[in-house]
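A look at the structure
Here is how the chains run, residue by residue.
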Amino acid sequence: MAPADAPTVVIGAGLVGICTALYLQRAGHKVVTVERTGPGDGASGHNGGIFSIGAVVPTATGSVLRSIPHMVFDRDSALSLHWSYLPKIAPWLTRFVRSSGNDTVERISIVLASLLSQSLEAYEPLLRDIPEGLVREGGLLYAYQSDAVFEASSGDAEMRKRRGIPFEVLDQQDLTAMAPLLGRRFERALYLRDAPFTPDPLGMTRALADVFTANGGEIVIANVQGFVPDGGSVSHLQTSTGRIRAKNVVVAAGAWSHHLTRMLGDRVLLETERGYGMTVTDPGFTVPCPVISVEHHVGFIPTPEGLRVMGISELASLASEPDVAVFDRLSRAAKKVFPEAELSDADSWMSYRPSTPDSLPVIDRATRAENVYYAFGHGHTGFTVAAVTGRLVTSMIAGEDGGIDLEPFNVRRFARWRRARAGK
Ligand SMILES: Cc1cc2nc3c(=O)[nH]c(=O)nc-3n(C[C@H](O)[C@H](O)[C@H](O)COP(=O)(O)OP(=O)(O)OC[C@H]3O[C@@H](n4cnc5c(N)ncnc54)[C@H](O)[C@@H]3O)c2cc1C
């Protein structure tokens, strides 16, 4: 067993890992974070940067399911699938389909809302210490080019209403008042006035990592390769640069977490929905706040340098290279929304959403190692709920009630699904 003065080790310096490390530090833990490349190099540094407080609609819904057959064959759709990967992802897809029934969707939405409702408040103490300008007010627009699509999507708006998410419905006149370009491009929008955003997700993650190290935390750059068991717990991590002793371990390794949980005896259904983005310095226009085109599933986020454009959900292996054709697909989608967009001078990136089939993260203790905790699988909302996750993990380690029912985030559900599939 590791000595009592051994640190709590967090694996992964994405936002989930860094926020967890910061909360642990605030609770008096000595904390070491082990990160393979650098803070924010994963999904946390490459995303929309939107505090998506209204993201209470799960990814798997009946209407999404109905649109999939059309989307996979449409070379311009926001869904991309590597066909050779289909056999590998089949169990995940099966559970995705099973999560899309109306009652299940409603239940998942309520659970998501429990996290999202505390997301901003949990960030507050952490964001106080980072440079100004990294988090901005401005709101978020879910924008519709056609009234018909707006009407057809009323189910999502109703779900937000049921969860108590405040939003305004804007018409073309309201949009013109915000920015004439918006009035020309969209007929309707849902405006979530209270949703902040960062123009620089990588900068924000690194700034939080700097706070962690300034307060005495250590970030070790190494690849975690295994765990050294000791009775019913883990005493050390085996890394590419040597062993690290650990009093507690938190697995917050984003889309790679299942490689680690497997070593601990927990098999989880975690896949990546790869997202694509580009940062454009001179797009020829700007938007007053983040805008998500509902028809084309592409987001536009204003930054001091220009515009960040992002979207696409690509089901493919973690190991395969970014697909150049998908960047073109994103450009075409962006131009369908803003034909004036000048996207040739763009800095492009691809990153990995860590996605479970039921849209719920895993926030739990490992089943076979009593000092190992899980915090991963946040899919489309990890940027938003990183801090509340860190706070919950810290409470869990202290044996305290974190104020949110953690049962829906348990790791045992995957074994239950597997047994159900096997008919046991
Ligand atoms: C295009 C796109 C747009 C998005 N927009 C938004 C948005 O606007 N709002 C929102 O809330 N969410 C958004 N998301 C989702 C969000 O980015 C993710 O859910 C979140 O960043 C996940 O954070 P994480 O810390 O779990 O993972 P990551 O940020 O990926 O961090 C995991 C870290 O673990 C490290 N690691 C992995 N394995 C090991 C190992 N064995 N040893 C050591 N280190 C390891 C990796 O190097 C990585 O740095 C978006 C995602 C994408 C792709």
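Right, let's walk through the structure included here. Being a predicted model, the structure only gives us computed values, none of them experimental.

The rules behind these values
Residues numbered from 1 in each chain as written. Predicted model: local features only at pLDDT ≥ 70, side-chain atom pairs only at ≥ 80, totals over all residues. Heavy atoms only, no water. Core = buried A, V, L, I, M, F, W, Y, C linked by side-chain atoms within 4.5 Å. Buried < 20%, exposed > 50% of the residue type's maximum accessible area, 1.4 Å probe, protein only. Helix = DSSP H or I, 4+ residues; strand = E, 2+ residues; numbered from the N terminus. Patch = residues over 30% accessible without salt bridge, like charges linked within 9 Å, V, L, I, M, F, W, Y side chains within 5 Å. Areas by Shrake-Rupley, 256 points an atom, 1.4 Å probe, with all protein chains shown as cover. Salt bridge = Lys/Arg side-chain N within 4 Å of Asp/Glu carboxyl O. Lys, Arg positive; Asp, Glu negative; His and termini not counted. Charge placed at Lys NZ, Arg CZ, Asp CG, Glu CD. Near = heavy atom within 4 Å. Polar contact = N/O pair within 3.5 Å; in protein donor to acceptor, adjacent residues only side chain to side chain. Domains from an automatic or database assignment. 1 Å grid on protein atoms, 1.4 Å probe; cavity = no way out; pocket = protein on both sides within 12 Å on 5 of 7 lines; lining within 4 Å. Points joined across faces, edges and corners; volume = space filled by probe spheres on them. Nonpolar A, V, L, I, M, F, W, Y, C, P; charged D, E, K, R; others polar. Phe/Tyr/Trp six-rings, centres within 6.5 Å; stacked < 30°, edge-to-face > 60°. Pairing = 2+ DSSP bridges. Axes fitted to C-alpha atoms, helices over the stretch in contact; angles between N-to-C directions.

As for the nonpolar core
- Ranked by internal contacts, the top residues of the largest apolar core, which has 66 residues, are Tyr123, Met204 and Leu208.
- When residues of this core are traced back to their parent elements, those giving at least two are α1 (15-26), α4 (102-116), α5 (119-127), β4 (140-144), β6 (188-192), α10 (201-214), β18 (372-376) and α13 (382-398).
- Counting residues per element, this core draws most heavily on α13, at nine residues.
- With 35 residues, the next largest nonpolar core counts Leu170, Ala189, Ala255 and Phe327 among its residues.

Comments concerning a positive patch on the surface
- A cluster of basic side chains, namely Arg107, Arg416, Arg419 and Lys424, defines a positive patch on the protein surface.
- Counting through the fold element by element, Arg107 comes out in helix α4.

Comments concerning the pattern of salt bridges
- Going through the model one piece at a time under the given rule, you end up with 17 salt bridges.
- Arg188 is paired through a salt bridge with Glu151; the nearest N and O atoms lie 3.7 Å apart. Separated by 37 residues along the polypeptide, Arg188 in strand β6 and Glu151 in helix α6 (residues 147-152) bring together distant segments of the chain.
- Through salt bridges that share partners, Asp76, Arg332 and Lys336 make up one connected network.

Topic: the site of the ligand
- Near the ligand, the surroundings consist of 35 residues, among which Glu35, Ser44, Ile50, Gly379 and Thr384 are the closest.
- One nitrogen or oxygen atom from the main chain of Gly48 is found 2.9 Å from a nitrogen atom belonging to the ligand.
- Contact between the ligand and Thr381: an oxygen atom at 3.3 Å from a main-chain N or O atom of the residue.
- Mapped by element, the contributors of at least two residues to the shell around the ligand are α1, β2 (31-35), β16 (346-355) and α13.
- Counting only domains with at least three residues in the shell around the ligand, you end up with domain 1 (8-45 + 203-269 + 361-421) and domain 2 (62-100 + 133-197 + 271-355).

Overview of empty space enclosed by the protein
- The full count for this structure, using the stated rule, is two cavities of 30 Å³ or more.
- Quantified by volume, the largest cavity comes out at close to 50 Å³.
- Taken together, Pro91, Thr94, Arg95, Arg98, Leu269, Trp417, Ala420 and Arg421 form the lining of the largest cavity.
- If you list the elements that add at least two residues to the lining of the largest cavity, you get α3 (86-98) and α14 (412-421).
- By residue number, the principal contributor to the lining of the largest cavity is α3, which donates four residues.
- A breakdown of the residues in the lining of the largest cavity according to their chemical character gives four nonpolar, one polar and three charged.
- Both domain 1 (8-45 + 203-269 + 361-421) and domain 2 (62-100 + 133-197 + 271-355) contribute no fewer than three residues apiece to the lining of the largest cavity.
- Put simply, the second largest cavity is a space of about 30 Å³.
- In terms of lining, the second largest cavity is formed by Asp76, Ser77, Ala78, His296, His297, Val298, Ile312, Arg329, Leu330 and Ala333.

Section: the packing of aromatic side chains
- This model, assessed by the stated rule, comprises 12 aromatic pairs.
- A ring pair is formed by Phe51 and Phe383, whose centres lie 4.9 Å apart and whose planes are at 65°; its orientation type is edge-to-face. Highlighted residues: Phe51 in the loop between β2 and α2 (62-73) and Phe383 in helix α13, separated in sequence by 332 residues.
- For Phe51, a relative accessible area of 1% corresponds to the buried category.

Focus: the sheet that holds strand β10 (residues 242-245)
- Spatially, three strands are ordered β8-β9-β10 in an open sheet, and the strand pairing comes out antiparallel. The two strands at the open ends of the sheet, each matched to only one other strand, are β8 (224-230) and β10. Pairwise comparison of adjacent strand axes, ignoring direction, gives a mean angle of 30° for this sheet.
- Where β8 lies against strand β9 (residues 233-239), six bridges are found, and the strand directions are antiparallel. Within β9, the residue paired with Val224 across the bridge is Thr239.

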